[in-house]
Amino acid sequence: MADKVLMKGNEAIAEAAIIAGCRHYFGYPITPQTEVAAYMAKKMPKIGGCFLQAESEIAAINMVYGVSSAGKRVMTSSSSPGISLKGEGLSYLAGSDLPALVVNVQRGGPGLGGIQPSQSDYFQATRGGGHGDYHMIVLAPASVQEMAELTVKGFDLADKYRMTSMILADGTMGQMMEPVSLDFDIKPAPEKPWATTGTKLEREHNIVNSLSLVPEELEMLNMKRYERYKQVEENETMYEEYMVDDADIVIAAFGIAARVSKNAVNEARKQGIKAGLIRPITLWPFPKAPFERAVEHAKAFISVELSMGQMIEDVKLATSCKVPVTLCNRVGGMIPSPEQVLKSIIEVNNGGVE
Amino acid sequence: MVVFDKPHALIDVPLHYCPGCTHGIIHRLVAEVIDELGIEGKTIGIAPVGCSVMAYNYFNCDMIEAAHGRAPAVATGVKRADPENHIVFTYQGDGDLASIGMAETVHAAARNENITVIFINNAIYGMTGGQMAPTSLPGQVTQTSPYGRDTKHCGFPIKVCEMLSELEGPEYLERVTVNSVKNIRTAKKAIKKAFQNQIDGKGFSLVEVISSCPTNWGMTPQAALKWIDDKMIPYYPLGVYKDRSAEKEAE
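Conventions and cut-offs
Residues numbered from 1 in each chain as written. Chains lettered and ligands numbered in written order. Predicted model: local features only at pLDDT ≥ 70, side-chain atom pairs only at ≥ 80, totals over all residues. Helix = DSSP H or I, 4+ residues; strand = E, 2+ residues; numbered from the N terminus. Rg over C-alpha atoms; globule rule 2.2 N^0.38 Å. Buried ≥ 20, exposed ≤ 12 C-beta atoms within 10 Å, placed from the backbone. Contact = placed C-beta atoms within 7 Å. Axes fitted to C-alpha atoms, helices over the stretch in contact; angles between N-to-C directions. Parallel < 35°, antiparallel > 145°, perpendicular 65-115°, else oblique. Left-handed = near helix turned anticlockwise from the far one by under 90°. Core = buried A, V, L, I, M, F, W, Y, C linked by C-beta atoms within 7 Å. Domains from an automatic or database assignment. Pairing = 2+ DSSP bridges. Right-handed = clockwise from strand over helix to strand, strands pointing away.

Q: Sorry if this is basic, but what is going on with the overall build of chain A here?
A: Within chain A, the regular secondary structure consists of 12 helices and 15 strands. Over its C-alpha atoms chain A spans a radius of gyration of 21 Å, differing by no more than 12% from the 20 Å that the globule rule assigns to 354 residues. For chain A, the spread of C-alpha atoms along the three principal axes comes to 75 × 50 × 45 Å. Here chain A holds 354 residues, and 56% of them are scored as buried. Expressed as a percentage of contacts within chain A between residues at least 6 apart in sequence, the contacts between residues at least 24 apart total 79%.

Q: Could you clarify how one ought to interpret the overall build of chain B in this entry?
A: Counting its regular elements, chain B contains 10 helices and 7 strands. Taken against the 2.2 N^0.38 rule, which gives 18 Å for 251 residues, the C-alpha radius of gyration of chain B at 17 Å falls within 12% of a compact globule. Based on the C-alpha atoms only, the size of chain B along its principal axes is roughly 50 × 45 × 35 Å. When the 251 residues of chain B are sorted by exposure, 53% land in the buried category. Within chain B, residue pairs in contact and separated by at least 24 positions form 67% of the contacts whose partners lie at least 6 positions apart.

Q: Can you walk me through the packing of helix α3 (residues 57-69) of chain A against helix α2 (residues 71-81) of chain B in this structure?
A: For any two helices packed against each other, one specifies the inter-axial angle together with the distance between the axes. It is the contact of α3 of chain A with α2 of chain B, at a shortest axis distance of 6 Å, that shows an interaxial angle of 45°. Classified by the angle between their axes, α3 of chain A and α2 of chain B sit oblique to one another. Classified by chirality, the crossing of α2 of chain B by α3 of chain A is right-handed. Each of Ala59, Asn62, Met63, Val64, Tyr65, Gly66, Val67 and Ser69 of chain A in α3 of chain A lies in contact with α2 of chain B, whose residues at this interface are Ala73, Val74, Ala75, Thr76, Gly77, Val78, Arg80 and Ala81 of chain B.

Q: Would you mind showing me how to read the nonpolar core here?
A: Within soluble globular proteins, side chains that are nonpolar tend to cluster in buried spots. In this structure, Ile13, Val138 and Val250 of chain A together with Ile118, Ile191 and Val209 of chain B are the most contacted members of the largest nonpolar core, which totals 180 residues. Per-element tally for this core: the top contributor is helix α6 (residues 144-161) of chain A, with 9 residues. When residues of this core are assigned to domains, at least three map to each of domain 1 (4-235) and domain 2 (240-353) of chain A.

Q: For this particular structure, what's the right way to read the pairing of strand β2 (residues 24-27) of chain A?
A: In regular strands, side chains alternate between the two faces of the sheet. Residues and elements named next belong to chain A. Every second residue of β2 is oriented toward a common face, with His24 and Phe26 on one face and Tyr25 and Gly27 on the other, all of them buried. Direction of pairing for β2 relative to strand β3 (residues 50-53): parallel, over a ladder of 4 bridges. Within β3, the residue paired with Gly27 across the bridge is Gln53. Note that the unit made of β2, helix α2 (residues 34-43) and β3 has a crossover that is right-handed. Here β2 pairs with strand β4 (residues 74-78) via 2 bridges, running parallel. Bridged to His24 within β4 is Val74.

Right under this line is the structure:
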C-alpha cells in the first residue's frame, strides 16, 4: 500500500487530475477553490502540461470545450458564482457530447453570497445548470480521499459516456486537510475517433457541433443522449449506507453534511434510537434504490443539507412520499452541528411514536 | 489545362448565404490559402454564431461550432491541445467578435495566442434579420435602430483593428475588403499572411474583412459593394494596423 500524504482537498483534486492524465487546466480566480488553480500553475509547466488563467469563467469553460474537442482530458474548477457563468459552456459541452471535468467548490449564495461552505448549488448541478435537456454526472466527495478518487473516476466516466463530470464539493472539503493515498489504478482514456485533431487528409472531416435546425433530427439527438443517460443511471450510481438495515429514522446527506450526520447517527444509536444514514455519492444519477428499500421499514426520513432544502425533493421522489421527510439545515455558510442533527432525529422519532 | 477549379479545402455543396453576400468570396479565399499552404490535414476551423454558423459544412478540414462570441477561447483550447500539430482559425462576424465575444477577442490578442482570426465586418446582424451591430455606422438604419443609429443614445461603432493595435500582444492586424478584384487580391494576401504567421509561430493574426449584406442593407448586390466604398471604408480605413515582424525588421 502506498504512503499517505497530508493534503488539502483542493490540492488532492489537482494532483489526482494530473495522475489521471489531465494536462490542460483553465480557470479564473475565485474563493474557496483557488488552491486548485495555484497547484496547477505550479505543476503543469514542469510536466509539459498547460495551465492558463482565463479572462473569465466563460472563457475558461470554452477553452475546456476546445481541448475536449481535440480529444484530450481537460478540466476547470470554480465556486458557485463562477459555475453560473460556466452554465452556457456546460450546456454546449452536453449538446456537443464532449467529455470534461468541472469542479464546483460551493460557497453560499445566491448572487455573490459568501465564501463559506454551502450545498446550495444542488439544483443547478443535478438539473444541468444551463439551458436544454441534459445531465452531468455529479459526484459528491465527503473526504479528501474521495476528492482525489472521484476526480479520477470523474475523468473515466466523462470519457466513457461523453459527458461532463462535476465534482460537487463545498468549501469545507476544499479547505480541510486529511491524509490521502494517491495510489490509483489508471485506465487509459478510450479512443476518440470523433475528435477534431486534423483530418491528415486520411478521413472525412469531423465536426463538433450542438446546432441542429431540423426538429426531427434534434429530437432524435436528445432521445439518443437520454438512452446514454439511462445507462449511466443503471451502471454508475454510487452511495454509502450506514446502519440503514433496521433504521426507523433514515438521514439523507452528502458531503460535509453526511460526516456531521454520521456522528449524530452514532449518538442516536447510543440513546436507543434506530437511526441510519444514506449518503449519495452520485447526486446525479440519484441513488433511488437504497431509499426504495429503506422506506419499507423507516418511519421517517431527514434530509440534512447546507441549503434551504434541495436534495429533499429527490428524497421525497425516491421514497414516493410514503413516510414524512423533514429538513434539517443551515445555510449561508453555516454548517449543522451533530447536536442539531441529533435533536432533529429525536424530534422526528418522538413524532413518529405518537 | 485547368484555369479555374474549386479549392480542395472547400466542400462542393451549395452555400446557404444570400445572393450577393461576400461570405462566399471570403470562404473561397480562406480555402485557397489552406490549399496553397498545404495545411488542410492539420487545420481546425471554428465557426461562430451568426450567418456563418454553418461554415462547418463548407470547409473540408475538421470544424468546431462555438458558442456565440467564444470562438477565440475555443481556438485557444484547440491550439494549446497540440501547438505543434494544430493550425487553428476562427471565422467570426461583427456581433460575435466585437459585441458578445469582445472579452475573448481582446484577451486572445493580448496573449498573442498563435491563432488566425478571420473577422467579417458587415456592420449588421445578418442571421437574425438585420439588427444594429457594434460596427453599425452612425445614422445607419437597422431593425433595432429604425431612426438611424443615434450615437447619443447608443454610442459609437467599434473599430476593432485600431483598438487591438494599442495592445502589445497581437502580431498582425489588417483591414481589407472584397468589393473589387483588386481588393480581393489584397484580401487574399492578408489572409495568407495571417495563416503563414501561425505556421511560423508568430502569434495572433487578425484580418478584418469589410463585407456587404445586400439583404439587410436593403440594396442590390452592386449597390452594396458601392456602399462599402462610399460609407464603410471612410469610417473603417483599409490597411495594416500592426505587423510586429515587419516593424522589427524596419528597426
